[in-house]
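Below are the chains, spelled out letter by letter.
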Amino acid sequence: MRTDQRKRVEVCFSPRQFELYKDSYEICVVIDVLRATSAICAGIENGVKEIIPVSTIEDAQRYKDDGYIVAAERGGEIVNGFDFGNSPYSFLDPKLKGKSVVLTTTNGTKAINIAKSIPTVVIGSLNNLDSVCKWLLSQNKNVLLLGSGWKDKFNLEDTICAGAMADQLIESRLFKAEEDSTIAAKFIYRSARENMFSFLRASSHRRRLRKLNLNEDVKYCLTPNTLTTIPILEDGKLVRLESKHEVTV
Ligand code: 3SL
């Protein structure tokens, strides 16, 4: 009888559930589609040298006092006194090329810091979806897809993105899933994929961002495969995954 050589891919819906999943994975993909990980992917592809994710405003303020460029968002809005917030368009500013940027957000940067106990942490979004999947397929490791959620609760947009990644990996037959969360994410993605923007119309975070007039950001974040760069966490900083690993989509 042949042994099952497939690696596992599983979806964790929120940082609050991370403790239940973390032990057996070698790679964690952190996802915060609206908008932290989309902004990080945009920035790193744009040539930002590194993005330092910090969990609290106090930590961000210390970096600001030391002269760093600091982006800070809470509840969807730019925090007073900081350089900009969490819009991917801010991270596309050519002036940021080659610079270090510190970032704190409501959920995304917290999830990144929680994921640090897994040996390799990379950043995923719909924007770099195929690139991340192709890289994961080349790694032969167990993968956890961590949705950042909203204040520790489940959210739809991160689940759709995680479901899209899980779907590609499972379809390759190199990966298997055992958790119901992964099966649910895959089916939610399949229901949403034809028109994610309208599927998410009633979702809590789209409503929140609509009130803040951030529909253009939402459209940017919900457009798959506009980017190929994969940010990776090295020594607490998000940098471009070395070119030897890079993939052409
Ligand atoms: O929670 C986060 O990390 C943010 O991405 C939320 S927001 O889109 O900026 O509101």
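Preceding block: the structure.
Residues numbered from 1 in each chain as written. Predicted model: local features only at pLDDT ≥ 70, side-chain atom pairs only at ≥ 80, totals over all residues. Heavy atoms only, no water.

1. Overview of the site of the ligand
- The ligand sits among 14 residues. The nearest are Asp32, Arg35, Asn86, Thr105 and Asn107.
- Separating an oxygen atom of the ligand from a side-chain N or O atom of Asp32 is a distance of 2.7 Å.
- Taking a 2 Å distance to the grid points as the criterion, the majority of the atoms of the ligand fall inside the largest cavity.
- Of the residues in the shell around the ligand, the class split is four nonpolar, seven polar and three charged. (Near = heavy atom within 4 Å. Polar contact = N/O pair within 3.5 Å; in protein donor to acceptor, adjacent residues only side chain to side chain. 1 Å grid on protein atoms, 1.4 Å probe; cavity = no way out; pocket = protein on both sides within 12 Å on 5 of 7 lines; lining within 4 Å. Sits in = over half its atoms within 2 Å of the grid points. Nonpolar A, V, L, I, M, F, W, Y, C, P; charged D, E, K, R; others polar.)

2. Observations concerning the side chain of Ser38
- Mapped onto the secondary structure, Ser38 falls in helix H2 (residues 36-45).
- Overall, Ser38 belongs to the buried group, its relative accessible area being 0%.
- Not counting the four nearest positions on each side in its chain, Ser38 is found in contact with Asp32, Val33, Pro88, Ser125, Asn127 and Cys221. (Helix = DSSP H or I, 4+ residues; strand = E, 2+ residues; numbered from the N terminus. Buried < 20%, exposed > 50% of the residue type's maximum accessible area, 1.4 Å probe, protein only. Contact = heavy atoms within 4.5 Å.)

3. Section: the pairing of strand S4 (residues 69-74)
- Where S4 and strand S6 (residues 100-104) come together, four bridges link them in parallel fashion. Looking at S6, one finds that Ala71 is bridged to Leu103.
- One ladder, built from two bridges, connects S4 with strand S5 (residues 77-78); its direction is antiparallel. From the neighbouring strand, Glu73 faces S5, where its bridge partner is Ile78. (Pairing = 2+ DSSP bridges.)

4. Section: the nonpolar core
- With 70 residues, the main nonpolar core has Val29, Val30, Leu145 and Met165 as its most contacted residues.
- The biggest single contributor to this core is helix H7 (residues 156-171), with seven residues.
- When near neighbours in sequence (up to four residues on either side) are disregarded, Met165 contacts Val29, Ile31, Gly124, Ser125, Leu129, Val132, Cys133 and Leu145.
- Counting residues in each nonpolar core, the second largest holds eight residues, with Ala72, Val79, Phe82 and Val102 among its members. (Core = buried A, V, L, I, M, F, W, Y, C linked by side-chain atoms within 4.5 Å.)

5. Topic: the packing of H7 against helix H8 (residues 180-192)
- Taken N-terminus to C-terminus, the directions of H7 and H8 make an angle of 100 degrees; their axes are 7 Å apart at the nearest point. On the basis of the axis angle, H7 is roughly perpendicular to H8. Across the interface between the two elements, Leu156, Thr159, Ile160, Gly163, Ala164, Ala166, Asp167, Ile170 and Glu171 from H7 touch Thr182, Ala185, Lys186, Ile188, Tyr189, Arg190 and Ala192 from H8.
- Among the residues making up the contact of H7 with H8, the classes are represented as nine nonpolar, three polar and four charged. (Axes fitted to C-alpha atoms, helices over the stretch in contact; angles between N-to-C directions. Parallel < 35°, antiparallel > 145°, perpendicular 65-115°, else oblique.)

6. Overview of H8
- For H8, which comprises 13 residues, the first-to-last C-alpha distance of 18 Å matches the rise-based estimate of 18 Å (1.5 Å per residue) to within 8%.
- Within H8, the full set of buried residues consists of Ser181, Thr182, Ala185, Lys186, Tyr189 and Ala192. Down the axis of H8, the buried set is contained in an arc of 135 degrees. They therefore lie on one face. Residues of H8 that are exposed and angled more than 90 degrees away from the buried face: Asp180 and Ser191.
- Residues of H8 that are buried in the fold lie against strand S1 (7-12), helix H1 (18-21), H7 and helix H9 (196-199). (Expected span 1.5 Å × (residues − 1). Arc of directions from axis to C-beta.)

7. Topic: the pattern of salt bridges
- The full count for this structure, using the stated rule, is 16 salt bridges.
- Asp59 serves as the salt-bridge partner of Arg62, at 2.6 Å between the closest nitrogen and oxygen. You can see Arg62 and its partner Asp59 sitting in helix H3 (residues 57-65), three residues apart, about one turn around the helix.
- On the basis of relative accessible area, Asp59 is assigned to the partly exposed category, the value being 27%. (Salt bridge = Lys/Arg side-chain N within 4 Å of Asp/Glu carboxyl O.)

8. A few points about empty space enclosed by the protein
- Under the definition given, this model contains one cavity of 30 Å³ or more.
- Lining the largest cavity we find 14 residues, and of these Leu34, Arg35, Glu73, Asn86 and His205 sit closest to its centre. (Points joined across faces, edges and corners; volume = space filled by probe spheres on them.)

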